[in-house]
Structures are given as structure tokens and as C-alpha cells.
Amino acid sequence: MPATLTFLTLAATAALLGGAAPPVQSCNLTAENVRQAGEGCDRAWMDANLKLNDLTMVGTHNSYKTAIPPAVLAAIGERGKGLDYAHRPLEDQLNDGARQLEIDVYHDPKGGRFAHPISVQISGQPLEPWRAEALAAPGFKVLHVPDVDVLSGCPTLIGCLETIRRWSLAHPDHAPILLMFNTKTDTSPVPGGTGALPMDEAAFDALDAEIRRVFPADALITPDDVQGSYPTLREAVLHDHWPTLGQARGKVWFALDEGPEKVALYRGQRRALEGRVFFVNTDEASPAAAYLTLNDPLNDAERIRAAVKAGFIVRTRADADTVEARDNDRRRRDAALASGAQYISTDYMQADPRWPGGYQARLPGDAVAVCNPLRAVQACDGLAVERR
């Protein structure tokens, strides 16, 4: 994107911020930092000069997950300790500043595969009619562990996506949202339970199609958008071809957080990810490299820094399995925030009142998106990119 904006763009910016647009000539969009751009030009300078990979945001892990009934937790015993967390509805998380959401999907082309979880028998609580109806319908389902951790704020993928789409349309100025997926193929941990169907290339085609039913092309950032005319996605990323913040506002993008086998199925015979919706978690040398999941900001610190500096986007985790929250251990969180990873995932954007110490993982103050500590922090001079 060129470092100049039209008067119409500046006028739209000012309208969003509630003020009059400065004259075009008063905004120096080629300035080295935001403070030199001119009075009232912060937003215009950031939109023109920052790229998607120049940001840092916080989001949630297993964002759809609601609480496991106490009777089910009791039946699981000590193994259930790491599952004992829950999230508020997706729209509440987005209102609170989450700009990364994680969704686990199970292939269910005929419908009804997960409509009778064994945990319902254990808890003695029948599924609500709306939930039972959703689980009976064909299409991808959203849950954590078959027969055990099955209660989702949005049981169908279509329902989750429609919620996010409605929120995005109502907040067109938002920083770009990463929607990270696990495509689950695990068996039920309960004898006699119902496990997942396999994910093959046809299933991945169906997943892409289901997403495009909800999000039109102009609401998405896809691998093709980033690759442009470069021969591979990796080359585009190494040449800093991510969209600018101005181009990315109000949009979402998808990442497939899977290992090499599923990534290979998703790519098929493509050179990179041509025509696909998802970016994929892969190593930095792959022609499809753009996004990496590096979940341990303590042990992966050097790799995260190197990847971010090279131009890749990284997601890491501030906490896992309720461990940090129970002990109010902030070391992993602080390492994640300082790591340079663009998206930091947590189960505790809000503290769990059951655990002493009030552990949380979020950006300071009311910031929702800030300039990346490795790539752009000096240029932004402490100004937030987006606030609640």
C-alpha cells in the first residue's frame, strides 16, 4: 500500500474516531514514526505503515469451551484438572479485546454423530433442545473431547462463524482477528463412546466451503492475498508482503494448527496454499511458510524471535492446563508478551475467582492491539493500535 492516503480515506478515519479529517497535506505518512506524522494523524499513519505482522494481540484458547458439569469432572478425577476452565460467549470475548479465537472442529457430514455424548448420562442433565437440534444437523461440530468435554457455546462451526461475522460487521474498525483451528480426529476416551471421523482432502474441501459460506472474500485475508505475484507464500512473507493494517482492519484470517500429516493433506499438490482458506502451521523452510504455532515462549524464545524478525507470524501460549492460573505463575505469560509473537493465547483474559492471585493474561490497560515489541514498538512510541 502506498504511503499516501486519499482525502476520502482520511475522512473515513476521522469519522470513525469522531473528529474532523485533517487536510491531506498535514499528515506526513512517510514519517519514520507516528509522532512525526502530524496532529490527529496517528490512525492514518498506523494504517499506512504497519503490516499485519507488526502487531501484538491476545486471544483465547479453546474459545468455544463452556464448563464441564461437576458430576463429569468428578468422574474424570485428577485427569480432569487441566480441563477445568471455561470461556464466556464469543461475542463477549471479542468485546473484551480477544483478537485470536481457537476452534476445534469434528467432521460430521451426515449430522448427529455427537448428539448423544456419554457425559450426558453421567451428569444426568439432558442436552438443551437448541443444542440437541444443532448437533443433529449436518456439518462440522465444535467440541473439545468426545463424550467428556462436549459443551460448546456454539456447537456447530456455522454457528460459531456466524457469531464472529455479526460481531465483525458491527465493529468494522477492529484489528485483524486470527481464527485458529484444530481439526480433531481423536477417539473417544470413554469405552463405547463415539470418536472422530478422519480428515481427508475432501473433508478439508468441505471445511473451506463452510467457512466461505459465512465469510465472503472481502472479509478474509487468505494465503493468495499474501502471496500475490510471488512464486511461493514463503517468499512473499520474507519480502514483507503481509497486508497493511489499513487493508486488514475489519477482516479475519484462518490458521490450521496441525502437524505435517494433516498439513500435507490440506495442501494437496499445491506449490503453497493456492486457493485455500487456511494458512498452515509449518516449518520456516516450507514454500507454504507464513504462520507458526510455537506454544512454549520459554523454551521456544529464540525460535520465536528469529521467526518474527524474518517476517513470519507466530502464535504462542501464556498458560496451559490451568497450571499457571492455579499457582498465579506469571513467568510463561510474561515471556509470551515479550517474545514478539503476534498472537498470544490464554484461558484467562479474565481471572478465575477460584484461584488465588488473580492470574490474567492480557495487554496493559485498555489496549486490544499494540505495536510488536520486536518489529514496531519504537515507531509507535507507546500508542495502542486498538483500544476497548
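Residues numbered from 1 in each chain as written. Predicted model: local features only at pLDDT ≥ 70, side-chain atom pairs only at ≥ 80, totals over all residues. Heavy atoms only, no water.

Let's talk about the packing of aromatic side chains
Evaluation of the coordinates by the stated rule reveals 13 aromatic pairs. Centre to centre, the rings of Phe254 and Phe278 are 5.5 Å apart; their planes meet at 70 degrees, and the pair counts as edge-to-face. With Phe254 in strand S6 (residues 252-256) and Phe278 in strand S7 (residues 278-280), this pair connects stretches of sequence that are 24 residues apart. Note on Phe278: relative accessible area 0%, which makes it buried. Counting every residue linked through ring pairs, the aromatic cluster contains Phe181, Phe204, Phe215, Phe254, Tyr266 and Phe278. For the cation-ring pair, Lys65 lies above Tyr85, with the distance from its terminal atom to the ring centre recorded as 4.7 Å. (Phe/Tyr/Trp six-rings, centres within 6.5 Å; stacked < 30°, edge-to-face > 60°. Helix = DSSP H or I, 4+ residues; strand = E, 2+ residues; numbered from the N terminus. Buried < 20%, exposed > 50% of the residue type's maximum accessible area, 1.4 Å probe, protein only. Lys NZ or Arg CZ within 6 Å of the ring centre and 35° of its normal.)

Let's talk about unusual backbone geometry
Despite not being glycine, Asn62 has its phi angle at roughly 45 degrees, a positive value. For Asp381, which is not glycine, the phi dihedral falls at a positive 50 degrees. Locating Asp381 in the fold gives a position in the loop between helix H16 (377-380) and strand S12 (386-387). Here Asp381 falls in the partly exposed class, since its relative accessible area comes to 43%.

Describing the state of the cysteines
Applying the stated criterion across every chain, the model contains three disulfides. In this model, Cys154 is linked to Cys160 through a disulfide, with the two sulfur atoms separated by 2.0 Å. Negative torsions about the S-S bond denote left-handed disulfides, and the value of about 95 degrees found for Cys154 with Cys160 makes this one right-handed. Neither Cys154 nor Cys160 differs from the other in exposure class; each is buried. In the protein, the bonded cysteines, numbered by position in the sequence, are linked as 1-2, 3-4, 5-6. (Disulfide = S-S within 2.5 Å.)

Things to note about the pattern of salt bridges
The final tally for this structure, using the stated rule, is 28 salt bridges. Here Asp205 ties to Arg276 by a salt bridge, and the two come within 2.8 Å at their closest N and O atoms. On the criterion of sequence distance, the pair formed by Asp205 in helix H8 (residues 201-214) and Arg276 in the loop between helix H12 (260-267) and S7 is long-range, its members being 71 residues apart. By relative accessible area, which is 2% here, Arg276 ends up buried. Between Arg332 and Glu324 there is a salt bridge whose closest N-O contact spans 4.0 Å. Pair check on accessibility: Arg332 and Glu324 agree, each one buried. Linked by salt bridges that have partners in common, Arg43, Asp47, Asp173 and Arg249 make up one network. (Salt bridge = Lys/Arg side-chain N within 4 Å of Asp/Glu carboxyl O.)

Points about helix H6 (residues 129-136)
Buried within H6 we find Arg131, Ala134 and Leu135. In an axial view of H6, the angular spread of the buried residues amounts to 95 degrees, which keeps them on one side of the axis. For H6, the exposed residues lying more than 90 degrees away from the buried face are Pro129 and Glu133. (Arc of directions from axis to C-beta.)

Examining the pairing of strand S2 (residues 100-106)
Within S2, seven of the seven residues are buried, which leaves it mostly tucked inside the rest of the structure. Alternating residues of S2 divide into Gln100, Glu102, Asp104 and Tyr106 and Leu101, Ile103 and Val105, and every residue in both groups is buried. Bridging between S2 and strand S4 (residues 177-183) involves six bridges; their strand directions are parallel. Bridging from a neighbouring strand, Leu101 pairs with Leu179 of S4. By the bridge criterion, two bridges tie S2 to strand S3 (residues 141-142) in an arrangement that is antiparallel. Its bridge partner being in S3, Tyr106 is matched across the sheet by Lys141. (Pairing = 2+ DSSP bridges.)

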